[in-house]
Structure formats: structure tokens, C-alpha cells
Amino acid sequence: MNYLLFAVYLVILCWLLLRMHFTKGTGIGSKLLLGLFLLKIVAGVAIGWISLHIYGPGNDYWDVHDFAWKEYQLLLTKPGAYFSNFFTSDYQAGYAGIFSSTNSYWNDLKGNILIKMVSVFNIFSHGNYYINSLFFNFTIFFGHIILYRLFSKNYPGKKPAVIIGCFLLPSTLYFSSGIHKDGLVFLMLAVLVYSVYQSIWKNRFTAKRVLLICFSLACLFLIRNFVFLALLPALFAWILSVKAKWSSRWTFAAVYLFSGLLVFNISSVFSKIKPLDIIMAKQAAYMKLPQAATQIKLSPLHPDFGSFVGNAPEALNHSLMRPYLWELPVRSLLPVNLELFFYQLLVLLLLIFRRKDQIRPDQPFFYFSLFFTFTILLILGYIVPNLGSLVRYRSLYLPFIITPVLCYLDWKKLSSLLFIKK
């Protein structure tokens, strides 16, 4: 019965996908768009099956499924409690500790948002994980579509490269397809950036776009607050450089220099605002988790400029370079090792085979992508002490750096050297 229900829902969702005005405007053919969507569905089924049958119960994806089933049962038996418990804190501190990683209503809210969402899916799936995954990935697929529309505007004539960067990066496709907070972060980030871009491009912040910007920022703040914090200087510099018509390069450099000074000195003026303590608390929370098979050594942070600057090379090495090609604490990392090595190779090739007729490299969106992604990777390198979590978190931001690389590469020149005519 579940197989039949899955097939029926899949046909309905495919039909809806092709009927929507937003998807029709992508410029992607119906067959290709359906193929990309079905690939997303396959990735969602695969990550659910692998996490259950390879790693066993008790993993993040199936824990969400189990909690959502309990919430669904609560909806059927005690609907009042179902709607009220989302806003109720059972902790002694009440609603304090908005940046806390333990014993906090706000920390629990990150997962509760997703659990409530999946509990609604259960109304139609009767608690089947894979049907829930179908609904979830239909929603998250719009994140890929939004990014495609965004990058295709910035890199016209680079359709194959943009499709690969926005839909087909293996780790992004895989990890954003599991029923987890990662997919929601990916979607909300895409909605936010596209809404800001449209507002800047059309020189008008409409009520609808402002609402989307505020909603996506609020969701990111509640689900991954460090992503929200990393976005603030990047968004400000992006909008400022466009509105003031200043050099993007120097605008971003100045804004980030000021932001860095603010982060390291604001506590001396406002004693209760301690951004360094937030990052340190995140690191400490991760360090307290049980040792993973992919655990890596992480230098502890201290609340001073010297500690954060001194730890920056290690943090960037972890987030940009690891796992190394030969680093294989578990066999399941091998595809990730190969993927990361391929990206590193692409960046090296870009230094030699960059197109000369591309859009000006000082465009504001390019610098937004570069500075925002660099900041996120730096934070992840500071706080995440195991490779398994690191590659999952990092995967969400890869389209912002790999897509431009694919578009800037001179593929004709590169292919002419690889396939020399005799």
C-alpha cells in the first residue's frame, strides 16, 4: 500500500512542479526539470535507507521521524497540547538562553520546527518515512530552483555549469535531501538571497520581498543562529555597494574590517553582548558530544583576538581542505574525499584557465558569495570537531563558491589541452 501511495503522490507532485509559474520561468526544459527532481527524490530515499540500514536507528533523520510520529499522535488525541507545546518552555530559566546549546527552549526550537512540519506530513503519509521524504524534498527542491534562477541571471549563457552547481553537487544534493534542519537552512538561504537580489536588481523592496526577507532571516536565526550572524555584514556590504555605487571590493573589505573590530571590542562597551562567547559556547557544546569515528583535534578558543586569529589557519584547513584525499577514518568518507579533491583541483585550474570575457569579477553578488561563504566556513572550522558533521554542514554552502568556479573556467581551452587533435 505504501509503495502505491508513494507513486501516486510522486505523480501528483511532478504534475504540480510543471504547472507552477515559478518553475516555468527557469528556462529548464520539462524533461530535464523532472529528471533533476526525481534525482532529488532518489537522494532523499537513499539517505533515509542508508541512515537506517547502515548506521542503524538512533540517527538524526529517523529521530526526527519518530518525534514527528509522536506529535502526530498528540494532534489526534490532544490537539490543544499539540498547538500549545510549540510555544511552551519547561526549563527553569524559561525563555532565556537564546544562544545556548543545551537546556534551552530556543535550542529545542531548532528541531521542533522541523518536527512539527513532518507531523503535518504524517496526515497524508500515515507515518511512512519515505513518503514524508517525498513531501520534504518537493519543498526543498525549490531551493535548488531559486539558486539556479539567481546564478543564471549572474552568469548568462552558462546554463550547463549553473545546473551542475545548483542541482548536482553530490554532497549538497545528498545532505540537503535528508529530513533534517540542513534542508530548511538551504531553502531559507536561497529564498533570502534571491529576494535581496531581486530587490536590488529591480531597485525596489516590495512588501512581498521584504516579508520573504524577514521570514527567511527569522527562520535562519531560529534554526542556525550563526548563519544569521554571518549573513548580516555580507548583506549590508552587498546592499551598500549597489546603492552607493561604490567598488564592491573595497566596500566589502571596509565592512568586514569594521565588523571584525566590532566583534572583538563590543563587549568592552556593552558588557552583556559577547559574540566571541557565543562561538566558544558552540565549540564547547560540540566538544562535549560523544567521540565520533571521524573525530579531529580542535584547538580550544579563548575570548581574545589572539586566540581567534591563531586558530584561523586550523579552522580554514578543516573546512576547506579536509578530509584529505588519503584521510579515511571510515570508508563512507571516500566519496566526500574524492569530491572535495575535485573541487580543489577545479580552483587550481581556474587560476590557469579563467575566461577573459566573463562578467566583471567585482560584481556585488560575487563578493557576497565569497565573503559570506568564507565566514561560514571559518566558523564551522572553529566549532565542529568531527569530519562527518563538517562535510554535512559545509555542503549547504558549496553552490555559492563552486558555481562561480564552474562558470569562470574556460572549458574550451581546457578541453583543447586534454583532447589534443593528432
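Figured I'd write up the structure that's included with this text.

What counts, and where the lines are drawn
Residues numbered from 1 in each chain as written. Predicted model: local features only at pLDDT ≥ 70, side-chain atom pairs only at ≥ 80, totals over all residues. Heavy atoms only, no water. Helix = DSSP H or I, 4+ residues; strand = E, 2+ residues; numbered from the N terminus. Rg over C-alpha atoms; globule rule 2.2 N^0.38 Å. Buried < 20%, exposed > 50% of the residue type's maximum accessible area, 1.4 Å probe, protein only. Areas by Shrake-Rupley, 256 points an atom, 1.4 Å probe, with all protein chains shown as cover. Lys, Arg positive; Asp, Glu negative; His and termini not counted. Charge placed at Lys NZ, Arg CZ, Asp CG, Glu CD. 1 Å grid on protein atoms, 1.4 Å probe; cavity = no way out; pocket = protein on both sides within 12 Å on 5 of 7 lines; lining within 4 Å. Points joined across faces, edges and corners; volume = space filled by probe spheres on them. Nonpolar A, V, L, I, M, F, W, Y, C, P; charged D, E, K, R; others polar. Salt bridge = Lys/Arg side-chain N within 4 Å of Asp/Glu carboxyl O. Expected span 1.5 Å × (residues − 1). Axes fitted to C-alpha atoms, helices over the stretch in contact; angles between N-to-C directions. Parallel < 35°, antiparallel > 145°, perpendicular 65-115°, else oblique. Contact = heavy atoms within 4.5 Å. Phe/Tyr/Trp six-rings, centres within 6.5 Å; stacked < 30°, edge-to-face > 60°. Polar contact = N/O pair within 3.5 Å; in protein donor to acceptor, adjacent residues only side chain to side chain. Core = buried A, V, L, I, M, F, W, Y, C linked by side-chain atoms within 4.5 Å. Patch = residues over 30% accessible without salt bridge, like charges linked within 9 Å, V, L, I, M, F, W, Y side chains within 5 Å.

Helix and strand counts for the chain come out as 20 helices and zero strands. For 422 residues, the compact-globule estimate of 2.2 N^0.38 gives 22 Å, and the C-alpha radius of gyration of the chain, at 22 Å, lies within 12% of that figure. Each principal axis of the C-alpha distribution contributes one length, and for the chain these read about 65 × 60 × 50 Å. For the chain, the proportion of its 422 residues judged to be buried stands at 50%. Within the structure as shown, the chain displays about 21,200 Å² of accessible surface, and the carbon and sulfur contribution to it stands at 69%. In the chain, 38 positive and 15 negative side-chain charges are present, and the distance between their average locations comes to 13 Å.

Empty space within the second largest pocket amounts to approximately 1,100 Å³. Every residue lining the second largest pocket is counted, 35 residues in all, and those nearest its centre are Pro 233, Ser 259, Gly 260, Val 263 and Thr 375. Mapped by element, the contributors of at least two residues to the lining of the second largest pocket are helix H12 (225–243), helix H13 (248–269), helix H14 (275–287), helix H15 (305–321) and helix H17 (364–383). No other element matches the 11 residues that H13 contributes to the lining of the second largest pocket. Tallied by class, residues from the lining of the second largest pocket come to 30 nonpolar, three polar and two charged.

For the structure shown, the criterion picks out five salt bridges. With a closest N to O distance of 2.8 Å, Asp 182 and Arg 224 form a salt bridge. Within this pair, whereas Asp 182 is found in helix H10 (residues 181–201), its partner Arg 224 is found in the loop between helix H11 (207–223) and H12, the two being separated by 42 residues in sequence. Note that Arg 322 and Glu 327 form a salt bridge whose closest N and O atoms lie 2.3 Å from each other. Since its relative accessible area comes to 13%, Glu 327 is described here as buried.

Attention now moves to helix H3 (residues 30–53). Since the α-helix advances by 3.6 residues per turn, residues separated by three or four positions end up pointing in the same direction. Between its first and last C-alpha, H3 extends 34 Å over 24 residues, near the 34 Å set by a 1.5 Å rise per residue. Those residues of H3 that sit buried are Leu 33, Leu 36, Phe 37, Lys 40, Ile 41, Ala 43, Gly 44, Ile 47, Gly 48 and Ser 51.

This paragraph deals with unusual backbone geometry. Between Arg 322 and Pro 323 the backbone carries a cis peptide bond, its omega angle lying at 5°. Along the polypeptide, Pro 323 turns up in the loop between H15 and helix H16 (334–352). Of note in the backbone geometry, His 126 takes a positive phi value of approximately 55° without being a glycine. Mapped onto the secondary structure, His 126 falls in the loop between helix H6 (105–125) and helix H7 (129–154).

Interaxial distance between H15 and H17 falls to 7 Å at its minimum, and their mutual angle equals 100°. As the angle between them shows, H15 and H17 are arranged roughly perpendicular. On H17, the residues touching Phe 308, Val 309, Asn 311, Ala 312, Ala 315, Leu 316, His 318, Ser 319 and Leu 320 of H15 are Phe 374, Leu 377, Leu 378, Gly 381 and Tyr 382. Looking at side-chain class alone, the contact of H15 with H17 contains 10 nonpolar, four polar and no charged residues.

One pass over the full model with this rule turns up 43 aromatic pairs. Both rings, one in Phe 264 and one in Phe 308, keep their centres 6.0 Å apart while their planes meet at 80°; by these two values the pair is edge-to-face. Residue Phe 264 is found in helix H13, and its partner Phe 308 is found in helix H15; the two are separated by 44 residues along the sequence. A centroid spacing of 6.4 Å and a plane angle of 55° characterise the contact between Phe 342 and Tyr 343, whose relative ring orientation is tilted. For Phe 342, a relative accessible area of 45% corresponds to the partly exposed category.

Here helix H4 (residues 60–77) spans 26 Å end to end across 18 residues, near enough to the 26 Å set by a 1.5 Å rise per residue. Buried residues of H4: Tyr 61, Trp 62, Val 64, His 65, Ala 68, Glu 71, Tyr 72 and Leu 75, and no others. Among the structural elements, H3, helix H5 (79–84), H6, H7, helix H9 (170–175) and helix H18 (387–395) are those in contact with the buried residues of H4. Its side-chain oxygen 3.2 Å from the backbone nitrogen of Tyr 61, Asn 59 forms the N-cap of H4.

Within the largest apolar cluster, 121 residues are counted, with the highest numbers of intra-cluster contacts made by Leu 231, Trp 238, Phe 368 and Phe 372. When residues in this core are grouped by element, the largest group, 16 residues, is from H7.

Topologically, Ser 125 is positioned in helix H6. Judged by relative accessible area, which is 0%, Ser 125 ranks as buried. If near-sequence neighbours (up to four positions away) are discounted, Ser 125 is found in contact with Ile 131, Asn 132 and Phe 135.

Quick look at the side chain of Arg 392 now. Relative to the assigned elements, Arg 392 resides in helix H18. In terms of polar contacts, Arg 392 uses its side chain to reach the side chain of Asp 182, at 2.7 Å.

What follows is about a nonpolar patch on the surface. On the surface, Leu 325, Trp 326, Leu 328, Leu 334, Leu 338, Phe 341, Phe 342, Leu 345, Leu 348, Leu 351 and Ile 352 cluster together into a nonpolar patch covering about 1,200 Å² of accessible area. Topologically, Phe 342 is positioned in helix H16.

Turning our eyes to something else, we now look at the environment of Ser 152. Here Ser 152 shows up in helix H7. Here the alpha-carbon distance between Ser 152 and Val 242, two residues 90 residues apart in the chain, equals 19 Å.

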